[in-house]
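Read off the chains here:
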Amino acid sequence: MSSGPILEMKGVSMSYGQRTLFKDFTLDLHRNEIIGISGESGSGKSTLLRIAVDLVTPTEGEIVFQGKDVKDWNPQELRKCIILVPQEASMFPGTVRDNLLWGLKIHDQDASDEELEAIMEEVNLSGEYLDRVAENLSGGEKQRIAIARALLLEPCGLLLDEPTSALDEKSTLAVEKTVKGLLESRDIGVLVVTHNREQAERFTDRVIEVTTGEEVYYNAD
Ligand SMILES: Nc1ncnc2c1ncn2[C@@H]1O[C@H](COP(=O)(O)OP(=O)(O)O)[C@@H](O)[C@H]1O
Ligand SMILES: [Mg+2]
């Protein structure tokens, strides 16, 4: 397996009309690391993640995934290997099982109940959840189901857009524990949007500010 970065963003600039969100943003994401993206509301953090999976084309710059420009990837294949979990982890009508299988169906794949239970265990939820109505789950549970749905596709990159911004502290810690565990059990890299400094300190390896492209250092005290 290649030891190079899974995702490279090189000199990426993004403008909407006259408004420049960020300029010359550069980042390398490796396996087994969690990089935080910080920035004020409206600064372009979500846009940056959408650019990374080629849902939005930047004004300038290059996005290379596993050594190949994203424009040269088959879009379906790309979005199986690097998955964006949006801020609102949307659940569809039906059970958790239906929701997990939905992600696979898009890619003409299926999974047994045993496989689904194993994935649930990875996100620290019991197999009993498979028969529950997904829309009735708590925010933290939905977020973990959205992550489980992504994991079934065996990605090597996960992009989490403010995964805990709507959650209480207990659920926040549960989601963080789940994602940390994934880095040990799977060879993946994670980009996570957070503007919570305490979360960034305990959860990420380093944080990059979207507007400046600078690494943000936090004093331990
Ligand atoms: N398709 C679009 N056309 C024009 N402006 C957009 C579009 N998408 C996002 N924006 C603007 O870009 C800015 C950054 O949005 P976003 O990436 O969602 O910021 P953040 O996630 O940091 O809050 C916002 O002001 C938003 O209104
Ligand atoms: Mg956003």
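Everything numeric in this text was worked out from a predicted model, so none of it was measured. (Residues numbered from 1 in each chain as written. Chains lettered and ligands numbered in written order. Predicted model: local features only at pLDDT ≥ 70, side-chain atom pairs only at ≥ 80, totals over all residues. Heavy atoms only, no water.)

## Observations regarding the site of ligand 1
Right, so step 1: Around ligand 1, a shell composed of Tyr16, Arg19, Leu21, Glu40, Ser41, Gly42, Ser43, Gly44, Lys45, Ser46 and Thr47 is seen.
Right, so step 2: A distance of 3.2 Å separates an oxygen atom of ligand 1 from a polar atom in the backbone of Ser43.
Right, so step 3: Gly44 is positioned such that a nitrogen or oxygen atom in its backbone is 3.0 Å from an oxygen atom of ligand 1.
Right, so step 4: Elements with a contribution of two residues or more to the shell around ligand 1: β2 (19-29) and α1 (45-52).
Right, so step 5: Tallying contributions element by element places α1 first for the shell around ligand 1, with 3 residues.
Right, so step 6: Of the residues that constitute the shell around ligand 1, the class distribution is 2 nonpolar, 6 polar and 3 charged. (Near = heavy atom within 4 Å. Polar contact = N/O pair within 3.5 Å; in protein donor to acceptor, adjacent residues only side chain to side chain. Helix = DSSP H or I, 4+ residues; strand = E, 2+ residues; numbered from the N terminus. Nonpolar A, V, L, I, M, F, W, Y, C, P; charged D, E, K, R; others polar.)

## Side note on the side chain of Thr47
Right, so step 1: Topologically, Thr47 is positioned in helix α1.
Right, so step 2: Residue Thr47 is classed as buried on the basis of its relative accessible area, which comes to 13%.
Right, so step 3: In this structure Thr47 touches Met14, Tyr16, Leu21 and Val56, once residues within four positions along its chain are discounted. (Buried < 20%, exposed > 50% of the residue type's maximum accessible area, 1.4 Å probe, protein only. Contact = heavy atoms within 4.5 Å.)

## Section: the sheet that holds strand β7 (residues 157-161)
Right, so step 1: Read from one edge of the open sheet, 6 strands run β6-β7-β8-β3-β9-β10, paired in mixed fashion. Since the sheet does not close on itself, it has two edges, and those belong to β6 (82-85) and β10 (215-216), each with one partner.
Right, so step 2: Strand direction decides the pairing type here: strand β3 (residues 34-38) and strand β8 (residues 189-193), joined by 4 bridges, are parallel. If you follow Ile37 over to β8, its bridge partner there is Val193.
Right, so step 3: Strands β3, β6, β7 and β8 of the sheet are contacted by α1, whose axis makes an angle of about 155° with β7. (Pairing = 2+ DSSP bridges. Axes fitted to C-alpha atoms, helices over the stretch in contact; angles between N-to-C directions.)

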